[in-house]
Amino acid sequence: MPRANKSTGNAPGQDAAQAAPRVAVLGAGSWGTALAAVAARRRPTLLWARQAAQAEAMRATHENARYLPGVSLPAALGIGDNLDQVLSRTAEGGGIPLLILGVPVAGLEAMCGALARRLPALGAAGWHVVWTCKGFDEQQGRLPHEVARDSLGKVPGISLGVLSGPSFAREVAQGLPVGLTVASSDAGLCAATTAALHGGAVRVYAGADVVGVEVGGAMKNIISIACGVSDGLMLGTNARAALITRGLAEMTRLGVALGGRAETFSGLTGLGDLVLSATGELSRNRRVGLEIGAGRKLDEILAGGMTAEGVRAARSALARARALDVDLPITAAVCAVLFDGVSPMTAVSTLLARDARPESGDLRVPD
């Protein structure tokens, strides 16, 4: 694989950037590619693509034509399809390398297992591993940190964290402003992720509430489907505002019950991400809801190539909530429409028929 260009594109502090630990982004979808482009302007960065043909095309054209057509990638970004080579080269950079996992929840367990087998033999001073996926593991209902912990938690020298926030990959790759949150119990991981990505149009905030960040990222997709259904039914902006607000309450209830902090849900990875996904034209989850509200069936929508994590996460979220005796009426309505053959208008009528109750005071805040 060709070595990355030594220039990071930064004139001031360029020598310092070259001495910094390497960054590797594993997964060349839209979000992984966008983050790799951001990091490559600040640090020596490698992007791993699963398919050799895709990697070769990206090296030749400096473009990810499949996922981000028309967006130019930095010449300094190294791109390869051999995972062992990418990891080996990343370990050569000195310090603690940063691995950003740009894979979906469905691929996280396999990726973490591959890293668990490979990283101990590479001789780095340690590894920071950050994932970006949002949702629940469809098979066991685990959040991403639970998946990563099961595979990597006992591997020496590895610290774990999550990177999330209201972000459409195309806008980030184009250099438009974005705010993200990195969360971990390891302050060093948060500092390394911030150093790799923060600057220019990208702001990175750090925290320790991994559970809250992940629940926000998973639940906002489900609520966004509900908002899309409402818009598809032409129920008006009042209805959308109510769904966003009460959806936020659902997110917070479940997040707190799972061990997250209530205040996290008023931040970027809660309210911020929910507003973006529930209203943005680039939101795939909202688009699925719009199509359902317009009368199309879920199988038909998904058969057309549409991918929406909210569809995969909805049943797992509802199952975990019921196990904790947490009420998620919007999520239950989404599941009824997606999987039980309930018509969108019937689901709306069920929500509207619920008994009146106080708006606040319904959070289970631990002592």
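Criteria and cut-off values
- Each chain carries its own residue numbering, running from 1 in the direction its sequence is written.
- Under the rules for a predicted model, residues below a pLDDT of 70 receive no local features and side-chain atom pairs below 80 are neither given nor counted, while totals for whole chains, interfaces and linings still include all residues.
- With hydrogens and water stripped out, all remaining heavy atoms of the structure feed into the side-chain values.
- Only the stretch in contact is used when fitting a helix axis, every axis being a line fitted to C-alpha atoms; angles between N-to-C directions are given from 0 to 180 degrees.
- Each helix corresponds to a stretch of at least 4 residues labelled H or I by DSSP, and each strand to a stretch of at least 2 residues labelled E; elements are numbered beginning at the N terminus.
- Reported orientations rely on four angle classes, namely roughly parallel under 35 degrees, roughly antiparallel over 145, roughly perpendicular from 65 to 115, and oblique for the rest.
- Handedness of each helix crossing follows the sense of rotation of the near helix against the far helix: counterclockwise by less than a right angle gives left-handed, clockwise gives right-handed.
- We call two residues contacting when some pair of their heavy atoms lies within 4.5 Å.
- Charged means Asp, Glu, Lys or Arg here, nonpolar means Ala, Val, Leu, Ile, Met, Phe, Trp, Tyr, Cys or Pro, and polar covers whatever is left, Gly included.
- Within this scheme a cavity is a closed region of a 1 Å grid, computed over the protein atoms alone, that accommodates a 1.4 Å probe without allowing it to escape, whereas a pocket is open but has protein on both sides within 12 Å along at least five of seven lines; lining residues each have an atom within 4 Å of a point.
- Grid points are joined across faces, edges and corners, and a volume is the space filled by probe spheres set on the points.
- In plain terms, two cysteine sulfur atoms within 2.5 Å form what is called a disulfide here.
- For every residue, the accessible area obtained with a 1.4 Å probe (protein chains only) is divided by the maximum for its type, and the residue is called buried under 20%, exposed over 50%, and partly exposed between those limits.
- UniProt positions are given in the numbering used here, feature names are shortened, and annotations may be inferred rather than shown by experiment.
- Between the rings of Phe, Tyr and Trp (Trp by its six-membered ring), a pair exists once the centres lie within 6.5 Å; its type follows the angle of the planes, with under 30 degrees stacked, over 60 edge-to-face, and the other angles tilted.
- Our definition puts a charge over a ring when NZ of Lys or CZ of Arg is within 6 Å of the ring centre and also within 35 degrees of the ring normal.
- Whether two strands pair comes down to DSSP finding at least two bridges between them.
- A crossover gets the label right-handed when its path from the first strand over the helix to the second runs clockwise, viewed with the strands pointing away from the viewer.
- The predictor's confidence in any single residue is recorded as pLDDT, a number from 0 to 100.
- Any Lys or Arg side-chain nitrogen located within 4 Å of an Asp or Glu carboxyl oxygen qualifies as a salt bridge.

Let us now look at the packing of helix H5 (residues 105–118) against helix H6 (residues 144–152). For the pair H5 and H6, interaxial distance at closest approach is 8 Å and the crossing angle is 25 degrees. Our classification of the angle between H5 and H6 gives roughly parallel. As for how H5 packs across H6, the hand of that crossing is right-handed. Seen from H5, the contacting residues are Val 105, Leu 108, Glu 109, Cys 112, Gly 113, Leu 115 and Ala 116; seen from H6, they are Pro 144, Val 147, Ala 148, Ser 151 and Leu 152. In terms of residue class, the contact of H5 with H6 is made up of nine nonpolar, two polar and one charged.

Tallying each qualifying case throughout the model produces one cavity of 30 Å³ or more. Empty space within the largest cavity amounts to approximately 50 Å³. Lining the largest cavity are Thr 132, Cys 133, Lys 134, Gly 135, Pro 144, Val 162, Leu 163, Ser 164, Val 213, Glu 214 and Gly 217. Elements that contribute at least two residues to the lining of the largest cavity include exactly strand S6 (158–164) and helix H9 (210–232). In terms of residue class, the lining of the largest cavity is built from five nonpolar, four polar and two charged.

So, on to the state of the cysteines. The bond known as a disulfide is covalent and runs between the sulfur atoms of two cysteines. Scanning the entire structure with this criterion turns up zero disulfides. For the unlinked cysteine Cys 112, the closest cysteine sulfur is that of Cys 133, found at 8.1 Å. With relative accessibility at 0%, the residue Cys 112 sits in the buried group. Residue Cys 227 stays outside any disulfide, its sulfur separated by 15 Å from that of Cys 335, the closest cysteine. A relative accessible area of 0% places Cys 227 in the buried class.

The sites that carry the UniProt feature "binding site: NADPH" (unreviewed entry) are, in the present numbering, Ser 30, Trp 31, Arg 50, Tyr 67, Lys 134, Ala 169, Arg 284 and Glu 309. Judged by maximum C-alpha separation, these annotated positions cover 280 residues in sequence and are scattered in space, the widest gap reaching 23.0 Å. In the annotated group above, the largest cavity draws its lining from Lys 134. Once residues lying within four places of it in the same chain are set aside, the contact partners of Ala 169 are Ser 30, Trp 31, Ala 34 and Leu 68. On the secondary structure map, Arg 284 appears in helix H12 (residues 284–293).

For the structure shown, the criterion picks out zero aromatic pairs. The aromatic ring of Phe 339 is capped on one face by Arg 315, whose charged end is 3.7 Å from the ring centroid.

A few words now on the pairing of strand S2 (residues 45–48). Where burial is concerned, the two faces of S2 agree: the one with Thr 45 and Leu 47 and the one with Leu 46 and Trp 48 are both buried. Looking at chain direction, strand S1 (residues 23–26) and S2 are connected through four bridges and run parallel. Each bridged residue has a counterpart across the sheet, and for Leu 26 the counterpart in S2 is Trp 48. Each parallel crossover has a hand, and for S1 linked through helix H2 (residues 30–40) to S2 it is right-handed. Judged from the three bridges that link them, S2 and strand S3 (residues 78–80) form a sheet pairing that is parallel. In the strand pairing of S3, Leu 46 is matched with Gly 78.

As a general rule, the predicted coordinates of low-pLDDT regions are not to be interpreted in detail. Per-residue pLDDT for the protein averages 91, and the proportion of residues at 70 or more is 92%. This model gives residues 1–19 a pLDDT under 50, and the stretch forms 39 contacts once residues within four places in sequence are excluded.

Turning to the pattern of salt bridges, a few remarks are in order. Under the definition given, this model contains 16 salt bridges. A salt bridge links Arg 118 to Asp 84, with the nearest nitrogen and oxygen atoms 2.8 Å apart. Of this pair, Arg 118 sits in helix H5 while Asp 84 is found in helix H4 (residues 83–91), placing the two residues 34 residues apart along the sequence. Between Glu 291 and Arg 296 there is a salt bridge, with the nearest N and O atoms lying 3.1 Å from each other.

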